[in-house]
Amino acid sequence: MREPVRAPRGAERTAKSWGAEAAKRMLMNNLDPEVAEHPEDLVVYGGTGRAARSWEAYDAIVRTLDDLEPDETLLVQSGKPVGVFRTHEWAPRVLIANSNLVGDWATWPEFRRLEDLGLTMYGQMTAGSWIYIGTQGILQGTYETFAAVARSLGRDSLAGTLTLTAGAGGMGGAQPLAVTLNDGVVLIVDVDESRLQRRVAHGYLDEYTTDLDAAVRRVGGAKVAGEALSVGVVGNAAEVFPELLRRHRAGEIDVDVVTDQTSAHDPLAYLPMGIPLAEWKDAAASDPASFTDRARASMAAHVAAMVGFQDAGAAVFDYGNSIRREAELGGFERAFAFPGFVPAYIRPQFEEGRGPFRWVALSGDPADIAKTDRAVMDLFPQDAALHRWLTRAGETVHFEGLPARICWLGYKERHLAGLRFNEMVASGELAGPIVIGRDHLDSGSVASPYRETEAMADGSDAIADWPLLNALLNTASGASWVSIHHGGGVGIGRSIHAGQVTVADGTALAAEKIERVLTNDPGTGVMRHVDAGYPRAREVARERGLTIPMLDQP
């Protein structure tokens, strides 16, 4: 049995460059038991999102990164190292492609056939691109979303409201804390008690119970009292949501907001009604087609209840796991009666190139994150929401693996933070280099018609050129590693997305790379929304000096 994986800490490296060392440490950090959902299976989050295809491939990646010259690039094909080529110091140290299939073959059955042959793996978003930072990675975006939900309800916060959701895994586990940080009450359902236990242990969930009646009493009392409280309940959402809808209609509970973040993108990662938790893995493996049918039927019941809440006056939205499409395939015709969270709440931020900016202290010292938090607040003194988030995160967020932070910054902002971090490394103010990356869920790096690019103004939802251009530009700009993935959080056949990571090691070369990458990367988001016809994106391009050749043509 293998020893648990844990990334090295400190300012000493065994690789020949910090680009290679950082990639190695972040790969290892993804598989730290504090971070990964099932590290023994190389699964980081999202049901099946892996960091490497096999343990043999993982070992080969680590060996290769340690031997990689500063002018060489490692190519990784769906979690397997396949080649090393001489490039140059400005080139990425690693280029990654995960789960990509040609259009007619881009289905779950074909993907699983190829996966069973050992030819591919599912990389999710930040699992296979080695920049997952645990539940915090999605927390701030979820916090931003729920803040926007509050504004849509005419409120300054979610105080006095009750949110119902499901799924406490790697992504969904951020929801309880995101709601309470917005001063609301939340009830979260999960079939797996161990996930709820983990969220309580890490401070993302206040408490949980196996008794639905007790959970209803707790959240109902907190809502009336105006307290912020998160309560988990063990159960299958496909059964619990309809029961809570019945109670809502009967006046026994008053639900204001409903969403979901189960791993519905992959039917085999969603437990159907009638199958015990202990039999889940074997049932999915023995007859995946039948399991898929049962999962989709359960999702249909789950989503039907969500639509029922919307009909009863609640604010309801899809949080990006493709559950509406799966429910539609399960026979529920009104599955798309409620919107996705991006067109409902987030797109105005994307128009400004605003999105997730995350960083990790390779030193392993939490003090480095505290110092960089203060540096970001100093850089943007007028951004009250940013200050509120960083202050609350510093007080409440439990680090998982290497200390990390995330916040949302826009075009012509991110590079300022990156350059400041690089200066702090160079001066010795920080104990080691900083890795700077982001989620693939960003303004210009994804084509996903059921999530980030749902309902684009010009109908360009499914155009996948944009993330490919983003990856090419980040490669040309000097990112430390770049990735192109298929599927992500919505499933095979439903998205193409790209990621980049850049290392601040305190050198002048790093500063040049940071300025280019962290300007150009969010700039592609502004560009994409200008092209789609969004007026605010056009204003941002003009105001901030982004050259768009056809911007002023009729």
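Residues numbered from 1 in each chain as written. Predicted model: local features only at pLDDT ≥ 70, side-chain atom pairs only at ≥ 80, totals over all residues. Heavy atoms only, no water.

1. Notes on the pairing of strand β17 (residues 496-504)
Operational definition: When accessible area is computed with a 1.4 Å probe and restricted to protein chains, residues below 20% of their type maximum are described as buried, those above 50% as exposed, and intermediate ones as partly exposed. By definition, any uninterrupted DSSP run of H or I lasting at least four residues is a helix, any uninterrupted run of E lasting at least two residues is a strand, and each is numbered from the N terminus. Should DSSP find at least two bridges between two strands, the strands are taken to pair.
The buried count for β17 comes to eight of nine residues, which makes it a mostly enclosed element. By the bridge criterion, three bridges tie strand β14 (residues 434-437) to β17 in an arrangement that is antiparallel. Bridging from a neighbouring strand, Val435 pairs with Val503 of β17. Summarising the sheet, strand β15 (residues 446-447) and β17 pair through two bridges and their orientation is antiparallel. Residue pairing for β17: Ala447 is matched across the bridge by Ile496. Here six bridges tie strand β16 (residues 481-486) to β17, and the two strands are oriented antiparallel to one another.

2. Concerning the nonpolar core
Operational definition: Definition of nonpolar core: a set of buried residues of the types Ala, Val, Leu, Ile, Met, Phe, Trp, Tyr and Cys, connected through side-chain atoms within 4.5 Å.
By size, the foremost hydrophobic cluster in this structure holds 101 residues, and its most contacted members are Tyr58, Trp130, Trp359, Val435 and Trp481. Ranked by size, the runner-up nonpolar core spans 46 residues in total, among them Leu229, Val231, Val240 and Val258.

3. Thoughts on the packing of helix α13 (residues 366-379) against helix α14 (residues 384-396)
Put simply, the test is: A fitted line through C-alpha atoms represents every axis, and for helices the fit uses only the stretch in contact; the resulting angles, taken between N-to-C directions, go from 0 to 180 degrees. Should an angle lie under 35 degrees it is considered roughly parallel, over 145 roughly antiparallel, and from 65 to 115 roughly perpendicular; all remaining angles are considered oblique. Throughout, a contact is declared for two residues whenever any of their heavy atoms are within 4.5 Å. Only Asp, Glu, Lys and Arg are considered charged, only Ala, Val, Leu, Ile, Met, Phe, Trp, Tyr, Cys and Pro nonpolar, and every remaining residue, Gly among them, polar.
The contact between α13 and α14 brings their axes to 10 Å, and the two run at 170°. With respect to α14, the element α13 is oriented roughly antiparallel. Across the interface between the two elements, Asp373, Val376 and Met377 of α13 pack against Leu386, His387, Leu390 and Thr391 of α14. Residue composition of the contact of α13 with α14, by class: four nonpolar, two polar and one charged.

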